[in-house]
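Below, each chain spelled out in residue letters.
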Amino acid sequence: MKLYLLFSLIASAQSYSSFMGGSVAPTTPAFRRAATSSRSRSSLVMYEPSNDPPYNNPSSNNMWTVLSTTERWISDTLLGLNQGGGVGGGKNPYARKEVSYVCEMTDEGAMTVAGIFRRLREARELGQTHGMGEEDRLLERGESYQPGTLRQTQVIVIPNYGEMLDNFNVFDNLVQVINQARRNARDYVTDIALEKIDEKMHSNEIGERDWVVSVNFAHLHPKFGEKTPEQILQEMKEEEEEGEVDLNLKAYKERREAARRSPYPTLVIEVMASPPPDFGNNLKAQREQPQEDAAPPKDESDVTPEDVQKLEALFGQSAAMNHPKNEKSSDPDDEAFFDAIGKVTGIDEISLVTPMILAQNWIAEHDKAFDAETCAFTASDARYVDEGYEFVFTNLAMQASKFLQPDKTKEAMKAGQRQYMVMSNFLSSSATSMAKFGCEVENIIDALPELKGKVHIEIFHPEHILPERRASVPIFALEWSNL
């Protein structure tokens, strides 16, 4: 009896923490036995179907049922591969020991996208944290320590977004657009990248190595591989042109698609963090080698990667320094006061003007579409691209829940119809990168049927090519239309 109570308490605690923090399904055998025993004795616990969130939408799928069904399907699929004689004496090389299951219960497209980028951001941060921890242990224990790699998998189930559940092509298009946006982000000139280049250029010490953190993103669906009539017609034309059909290849493709037909729309995120590749350099020798006073002369015609990085850092600094600034006070007493503070604290200049105030003042003066009754301002300190996507689509989801309601009133439609998102630390030195980011946001919005053609995007940036959009800080504007 004591053992049963212990299992029940553990299961209840796991259910409560999962519901409050992201709905992660516990997968231990003890949890399954406790759940079975508690149901047989009619004990009321949070993970019973009667108490399964959300309470106000009976048509929604049961959260714990969704997670258990998905986990059982994945386990059965891997078990079938093992019994079929996989690589290594029947062991499946694709099985992962560290797998977590998460359920996104939202039924809105913008919130679904925001949740996807939040999971991608958390995976990246997990890999970066692991790398920094391993570097610290390497410094403490010396070259004899072998840093360990990190590899974890997270399964995200999206059971309630009807557009994805009923239509594979919508789901597949959204995933492809997000992956394309992530690939294009490699070319952005981010503030964090410029800071790293500047630190390497001016620092005389060998800093921590940047670990290789890769985040892979794939998807599963109940109708995976389902083709549109246009795609079927195109395949028939190609087969007719080729004149023959490879039946073995066709059967292989069908089996591959059938293996990815999960019970619900599902995303699989895998993060892997590994040490940077060693090209023969001795890390210990680099750290202990004294810095030479003068570098050996080199040919002026040689251009090294270090020279390119220095130029990028200089151009980035010039872009960041040439922003519009407010005029300083001409009062000598004020100048003496601030000079005295600077001598004591080492601060060169004190400004009480925040990026939000700069943005509001500039928009009120230069943007003709600004209306105090219909516009709203929000600010973010996002520095990475995935953080920027998460911030934009979180704000878009907040507005979509209001503007897409069938019973909306004219008063409700006015407030927040145009929203300015102040992103002072996001792509602040490259208007081109900011414009590309805006194009990717538009592509993702167009992949959501309920938002397509209803949101207009504008970019304001200190380095914008058009003077009328050359704002004091980077501003990302969203405006609802065709409502």
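Residues numbered from 1 in each chain as written. Predicted model: local features only at pLDDT ≥ 70, side-chain atom pairs only at ≥ 80, totals over all residues. Heavy atoms only, no water.

A. Inspection of the overall build of the protein at higher detail. When you go through the protein residue by residue, the secondary structure sums to 16 helices and eight strands. Residue burial in the protein is summarised as follows: out of 483 residues, 36% are buried. For the protein, long-range pairs separated by at least 24 residues make up 79% of all intrachain contacts whose partners lie at least 6 apart in sequence. Counting every atom, the protein has about 28,900 Å² of accessible surface; 53% of that belongs to carbon and sulfur. (Helix = DSSP H or I, 4+ residues; strand = E, 2+ residues; numbered from the N terminus. Buried < 20%, exposed > 50% of the residue type's maximum accessible area, 1.4 Å probe, protein only. Contact = heavy atoms within 4.5 Å. Areas by Shrake-Rupley, 256 points an atom, 1.4 Å probe, with all protein chains shown as cover.)

B. Expanded view of the sheet that holds strand 6 (residues 418–423). An order of 5-6-8-7 is seen for the four strands of this open sheet, with the pairing classed as mixed. What marks the edges here is a single partner per strand, and that holds for strand 5 (375–380) and strand 7 (455–460). Taking the axes of each pair of neighbouring strands and ignoring which way they run, one obtains an average angle of 20 degrees across the sheet. Note that strand 7 and strand 8 (residues 475–480) share six bridges and pair antiparallel. Bridge pairing in strand 8 links V455 to W480. (Pairing = 2+ DSSP bridges. Axes fitted to C-alpha atoms, helices over the stretch in contact; angles between N-to-C directions.)

C. The nonpolar core, seen in detail. Counting 51 residues, the largest nonpolar core has Y389, F393, L396, F437, V441, I444 and F476 as its most contacted members. A per-element tally of this core places helix 14 (residues 385–403) first, with nine residues. In this structure V441 touches Y389, V392, F393, I457 and F476, once residues within four positions along its chain are discounted. By size, the runner-up hydrophobic cluster in this structure holds 11 residues, among which are A359, Y420, A471 and I475. (Core = buried A, V, L, I, M, F, W, Y, C linked by side-chain atoms within 4.5 Å.)

D. Spotlight on the environment of L67. With respect to the helices, strands and loops of the structure, L67 is situated in helix 3 (residues 63–83). Separated by 35 residues in sequence, L67 and V102 have C-alpha atoms that sit 7.4 Å apart.

E. Seen up close, the pattern of salt bridges. The tally for this structure, following the rule as stated, stands at 17 salt bridges. Between R118 and E104 there is a salt bridge, with the nearest N and O atoms lying 3.3 Å from each other. Linking R118 in helix 4 (residues 109–141) with E104 in the loop between strand 1 (99–103) and helix 4, this pair joins segments that are 14 residues apart in sequence. Note on R118: relative accessible area 27%, which makes it partly exposed. E104 sits in the buried class, given a relative accessible area of 11%. With its nearest N and O atoms 2.5 Å apart, the salt bridge here joins R383 to E195. A residue pair is termed long-range when its members are at least 10 positions apart, and R383 in the loop between strand 5 and helix 14 and E195 in helix 7 (residues 191–202) qualify at 188 residues. You can call E195 partly exposed: its relative accessible area is 40%. Taken together, the salt bridges that share partners define one network made up of D367, R418, E458, R469 and E479. (Salt bridge = Lys/Arg side-chain N within 4 Å of Asp/Glu carboxyl O.)

F. Looking closely at the side chain of T190. The residue T190 is located in the loop between helix 6 (168–184) and helix 7 in this model. With a relative accessible area of 10%, T190 lands in the buried category. For T190, the residues in contact, after removing those within four places along its chain, are R383, V385 and L427.

G. Spotlight on a negative patch on the surface. Residues E238, E239, E240, E241, E242, E244 and D246 make up a contiguous surface patch of negative charge. On the basis of relative accessibility, which here comes to 59%, the residue E242 falls in the exposed class. (Patch = residues over 30% accessible without salt bridge, like charges linked within 9 Å, V, L, I, M, F, W, Y side chains within 5 Å. Lys, Arg positive; Asp, Glu negative; His and termini not counted. Charge placed at Lys NZ, Arg CZ, Asp CG, Glu CD.)

H. Here's a closer look at the sheet that holds strand 1. Strand order in the open sheet made by the four strands is 1-2-4-3, with mixed pairing throughout. If you trace the sheet from one side to the other, it starts and ends with strand 1 and strand 3 (212–220), each paired once. Averaged over all pairs of adjacent strands, the angle between strand axes in this sheet comes to 20 degrees, irrespective of strand direction. As judged from the eight bridges shared by strand 2 (residues 150–157) and strand 4 (residues 266–274), these two strands associate in the antiparallel manner. By the bridge assignment, Q152 is partnered in strand 4 with V271. Across the sheet, helix 4 is in contact with strand 1, strand 2, strand 3 and strand 4; its angle to strand 4 comes to roughly 20 degrees. Sheet strands touched by helix 6: strand 3 and strand 4. Its angle to strand 3, the strand with the most contacts, is close to 165 degrees.

I. Highlighting the packing of helix 14 against helix 16 (residues 431–446). At a minimum axis separation of 12 Å, helix 14 and helix 16 run at an interaxial angle of 50 degrees. Between helix 14 and helix 16, the angle falls in the class oblique. Helix 16 is crossed by helix 14, and the crossing has right-handed handedness. Together, V385, G388, Y389, V392, F393 and L396 of helix 14 and F437, E440, V441, I444 and I445 of helix 16 make up the contact between the two elements. Split into classes, the residues belonging to the contact of helix 14 with helix 16 amount to nine nonpolar, one polar and one charged. (Parallel < 35°, antiparallel > 145°, perpendicular 65-115°, else oblique. Left-handed = near helix turned anticlockwise from the far one by under 90°. Nonpolar A, V, L, I, M, F, W, Y, C, P; charged D, E, K, R; others polar.)

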